[in-house]
Amino acid sequence: MNKKIFSGVQPTGNLHLGNYLGAIKNFVSLNNDKKNKCVFCVVDLHAITTKQDPKELKNNIRETVATFVASGIDPKRSIIFNQSQVKAHSETAWILSCVARMGWLNRMTQFKEKAGKDKEKASVGLYSYPVLMAADILLYDTSHVPVGEDQKQHLELCRDIAQKFNNDFEVIDFFKIPEPLIQKEFSRIMSLKDGSRKMSKSEPSDLSRINLTDDKDQIINKIKKAKTDIFPLPSNKEELKDRPEAKNLLGIFSSLTNTSLDKNINNFSGKNFSEFKEDLSQALVDKILPISNEIKKLLNEKKYLDEILLNGYEKANEIASKKIKKIHEIVGF
Ligand code: AMP
Ligand code: TRP
């Protein structure tokens, strides 16, 4: 089946192994299938829902593009562009915010997590963030959205918004209802310091994540210091239930090497963590180091990165402009 793919990544710096294994790795295989039409967006409008330093934001936008390309997304085959450049995104988000219901947004768990205890101080943008995400997706008649597990609820909201718009304005099939593409296993990579918390850019300790720009020594050091428990590696999946760190590290290894968890449980059963960690470090160095080196090289080629964004803008803008024009007609503007 020919798929229309759309996904976004926030340019908030520190792209990490969770972003890679949960999302970007999947972008690359979708990009490699010639039947697919892929659009990958650097979502800077989403990034400013929390405070960003303007100079850093500009650098982080380029770094996100560099990460896409270094990971294997071909800018000739896929559209890579910057959300704020295509004006239809913010405009559609406004229109969809008049379709989405407060009750729906009130259920979003990511807002609750990100806003923390003092919700009154969170930006309005952080609250309506999933509506902008729906606009991103729906403007491109997207059929499939590859994301990590944490975005599943936002995708469901996007489907609800699309359906309500189509019903309210009696335009059946105007917005296509997108399907999430979430990897069955290892779709949620956890912190190296706490197997019950998601690996995240915003975690203060750098030791909690492998950044995609880490060098060999940093990778090895972080794995050496990664939290484990005191038991040898388990002999079956059942035992992993109460051992979040062992589960996470074995999951990372399986995902990196494209091998099954069962096979790795068998291979490492009864071994000490120190032995397993050597293999894990090696797998990480093999996969992440070439990407890290390529990102650093590309960051010196600002003109090339800006050209990718300009080219992507032209293509994305053409698609989105047509769709927003029809939205205007439907709404009665
Ligand atoms: P963000 O950096 O929040 O824009 O996320 C970009 C993509 O990475 C999204 O598809 C997320 O679902 C995915 N992602 C972020 N953190 C993780 C994680 N710890 N495990 C798996 N996927 C993740
Ligand atoms: N909200 C997503 C995240 O934080 C990023 C995002 C924005 C996105 N727009 C999107 C993902 C559209 C998929 C499709 O990870």
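Located above this text is the structure these notes cover.
What comes next is a walk through the structure.

About the thresholds
Residues numbered from 1 in each chain as written. Chains lettered and ligands numbered in written order. Predicted model: local features only at pLDDT ≥ 70, side-chain atom pairs only at ≥ 80, totals over all residues. Heavy atoms only, no water. Core = buried A, V, L, I, M, F, W, Y, C linked by side-chain atoms within 4.5 Å. Buried < 20%, exposed > 50% of the residue type's maximum accessible area, 1.4 Å probe, protein only. Contact = heavy atoms within 4.5 Å. Near = heavy atom within 4 Å. Polar contact = N/O pair within 3.5 Å; in protein donor to acceptor, adjacent residues only side chain to side chain. Areas by Shrake-Rupley, 256 points an atom, 1.4 Å probe, with all protein chains shown as cover. Nonpolar A, V, L, I, M, F, W, Y, C, P; charged D, E, K, R; others polar. Helix = DSSP H or I, 4+ residues; strand = E, 2+ residues; numbered from the N terminus. Phe/Tyr/Trp six-rings, centres within 6.5 Å; stacked < 30°, edge-to-face > 60°. Axes fitted to C-alpha atoms, helices over the stretch in contact; angles between N-to-C directions. Left-handed = near helix turned anticlockwise from the far one by under 90°. Salt bridge = Lys/Arg side-chain N within 4 Å of Asp/Glu carboxyl O. Pairing = 2+ DSSP bridges. Right-handed = clockwise from strand over helix to strand, strands pointing away.

**Re the nonpolar core**
Core analysis: the largest hydrophobic core is formed by 58 residues, its most contacted members being Leu17, Phe68, Phe276, Leu280 and Leu284. Other than its neighbours up to four places away in sequence, Leu280 contacts Ile223, Leu249, Ile252, Phe253 and Leu256. Counting residues in hydrophobic clusters, the runner-up holds 44 residues, among them Val39, Phe111, Ala135 and Leu138.

**Looking at the site of ligand 1**
In the region of ligand 1, 17 residues are neighbours, and Gln10, Gly148, Asp150, Ile189 and Lys201 sit closest. Within the side chain of Lys201, an N or O atom sits 2.6 Å from an oxygen atom of ligand 1. Protein contacts shield 92% of the accessible area of ligand 1, which totals 490 Å² for the unbound molecule. Among the residues making up the shell around ligand 1, the classes are represented as 5 nonpolar, 8 polar and 4 charged.

**Considerations on the site of ligand 2**
As a structural note, the neighbourhood of ligand 2 is formed by 13 residues, with Gln10, Tyr129, Met133, Asp136 and Gln151 the closest of them. Gln10 has a polar side-chain atom sitting 3.0 Å from an oxygen atom of ligand 2. Residue Asp136 places a side-chain N or O atom 2.7 Å away from a nitrogen atom belonging to ligand 2. For ligand 2, the accessible surface in isolation is 370 Å², of which the surrounding protein chains cover 91%. Considering each element in turn, the shell around ligand 2 owes the most residues, 4 residues, to helix H7 (residues 124-138). Of the residues contributing to the shell around ligand 2, the split by class is 7 nonpolar, 5 polar and 1 charged.

**A short note on the packing of aromatic side chains**
For the coordinates displayed, the defined rule picks out 14 aromatic pairs. Measuring from ring centre to ring centre gives 4.9 Å for Phe174 and Phe175, while their planes differ by 55 degrees; the resulting arrangement is tilted. Grouping residues by exposure puts Phe174 and Phe175 together as buried. When the ring of Phe268 is compared with that of Phe276, the centres are 4.8 Å apart and the planes differ by 70 degrees; the resulting orientation is edge-to-face.

**Structural notes on the packing of helix H10 (residues 244-257) against helix H11 (residues 261-268)**
Orientation of H10 relative to H11, taken along the N-to-C sense of each, is 115 degrees, at an axis distance of 9 Å. In this structure, the crossing between H10 and H11 has a hand that is right-handed. Contact residues: Leu250, Gly251, Phe253 and Ser254 in H10; Leu261, Asn264, Ile265 and Phe268 in H11.

**Some thoughts on the pattern of salt bridges**
Inspection of the entire model under this criterion finds 18 salt bridges. Where Glu245 meets Lys227, a salt bridge forms, and the shortest distance between an N and an O atom there is 3.5 Å. Here the residue Glu245 occupies a position in helix H10, and Lys227 occupies one in the loop between helix H9 (216-225) and H10, the gap between them amounting to 18 residues. For Glu245, a relative accessible area of 8% translates into the label buried.

**Some words on the pairing of strand E1 (residues 4-9)**
Pairing of E1 with strand E2 (residues 37-42) involves 6 bridges; the strand directions are parallel. Residue pairing for E2: Phe6 is matched across the bridge by Val39. Running through helix H1 (residues 17-32), the crossover from E1 to the neighbouring parallel element E2 is right-handed.

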